[in-house]
Amino acid sequence: RRYVPTMTNSRLLTVVIALLSLVLTSLGWAHQPRFYEGIGPFEVEDPTISKAYYMTIYNGEIHTFIIPALERTIPVQVLVLDDELGRSLEMFATATCNAEKKQLSRVDQPFYEPYSKIEHRYRVVDAIGPTDGPCVIEIEELAKRAGPYVFSVGDEERFGINDILGMVNLGRKLNAWKAGP
């Protein structure tokens, strides 16, 4: 009789846990990806949980995000692709919180996102909160050019099973987003 190696249930469970740990560890440095079209307003649920809204802005649009009342300060950022089009985009954002409107800080800093393997440039980096009521974030491109950008919000990395299952199509969605208008 020929010996055929088999995996015991405990060994199989160990392999499955190890693979799941690798996936979850790689997600630990990523925002929950969201892909939307249009100008909004887009409701940001659980704003302390980090999310990346992959958007495309068209000539003269203003995109609006509504963030519910905050008990603490959270980061908000606008990023563009680090390519010729992205570097030409003049992204601008304001936050209206507690009846006060403020311009969010504009920057120009490269950033490599290891999970998606995408080269970005930060264009807006700031923080909002705490607030008594919702904040309205408005994002526009001042030169009226069209192009892809990312609005990221929050700093707590949490992924549910639906987020993990959604990673199956993430590469395809990112490629379509990067292709731009």
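Our subject is the structure listed above.
None of these values were measured; they are calculated from a predicted model.

A. Structural view of the pattern of salt bridges. According to the stated counting rule, one finds eleven salt bridges in the structure shown. Here Asp82 makes a salt bridge to Arg87, at a shortest N to O gap of 2.9 Å. Its relative accessible area of 23% is what places Asp82 among the partly exposed residues. Look at Arg87 and you get partly exposed, because its relative accessible area is 44%. Among the ionic pairs, Glu141 bridges to Arg145, the shortest N-O distance being 3.6 Å. Looking at Glu141, the relative accessible area reads 1%, which means it is buried. On the basis of relative accessibility, which here comes to 33%, the residue Arg145 falls in the partly exposed class. Taken together, the salt bridges that share partners define one network made up of Asp82, Arg87, Asp108, Arg121 and Arg123.

B. Structural context of the sheet that holds strand β4 (residues 62-67). Read across the sheet, five strands follow the order β2-β4-β10-β6-β7 without closing on themselves; strand pairing throughout is mixed. Whereas interior strands pair on both sides, the edge strands pair on one side only; in this sheet they are β2 (42-43) and β7 (100-103). Note: β4 against strand β10 (residues 135-141), six bridges, orientation antiparallel. Residue pairing across strands places His63 opposite Ile139, the latter belonging to β10.

C. Here's a closer look at the packing of aromatic side chains. Under the definition given, this model contains nine aromatic pairs. Ring centres of Phe35 and Tyr54 lie 4.9 Å apart, and the angle between their planes is 15°; on these two criteria the pair is classed as stacked. Taken as a pair, Phe35 in strand β1 (residues 32-35) and Tyr54 in strand β3 (residues 51-57) lie far apart in primary sequence, 19 residues in all. Centroid distance Tyr36 to Tyr53: 5.8 Å. Interplanar angle 25°. Geometry classified as stacked. With Tyr36 in the loop between β1 and β2 and Tyr53 in strand β3, this residue pair connects regions lying 17 residues apart in the sequence. For Tyr36, a relative accessible area of 37% corresponds to the partly exposed category. Judged by its relative accessible area of 2%, Tyr53 is buried. Here the aromatic cluster, defined as three or more aromatic residues joined through ring pairs, consists of Tyr36, Phe42, Tyr53, Phe65 and Phe151.

D. Fine view of the state of the cysteines. Applying the stated criterion across every chain, the model contains one disulfide. A sulfur-sulfur separation of 2.1 Å characterises the disulfide bridge that pairs Cys97 with Cys135. In this structure the cystine formed by Cys97 and Cys135 twists about its S-S bond by roughly 125°; its chirality is therefore right-handed. Residue Cys97 is located in strand β6 (residues 91-97), and its partner Cys135 is located in strand β10; the two are separated by 38 residues in the primary sequence. For Cys135, a relative accessible area of 0% translates into the label buried.

Conventions used here
Residues numbered from 1 in each chain as written. Predicted model: local features only at pLDDT ≥ 70, side-chain atom pairs only at ≥ 80, totals over all residues. Heavy atoms only, no water. Salt bridge = Lys/Arg side-chain N within 4 Å of Asp/Glu carboxyl O. Buried < 20%, exposed > 50% of the residue type's maximum accessible area, 1.4 Å probe, protein only. Pairing = 2+ DSSP bridges. Helix = DSSP H or I, 4+ residues; strand = E, 2+ residues; numbered from the N terminus. Phe/Tyr/Trp six-rings, centres within 6.5 Å; stacked < 30°, edge-to-face > 60°. Disulfide = S-S within 2.5 Å.

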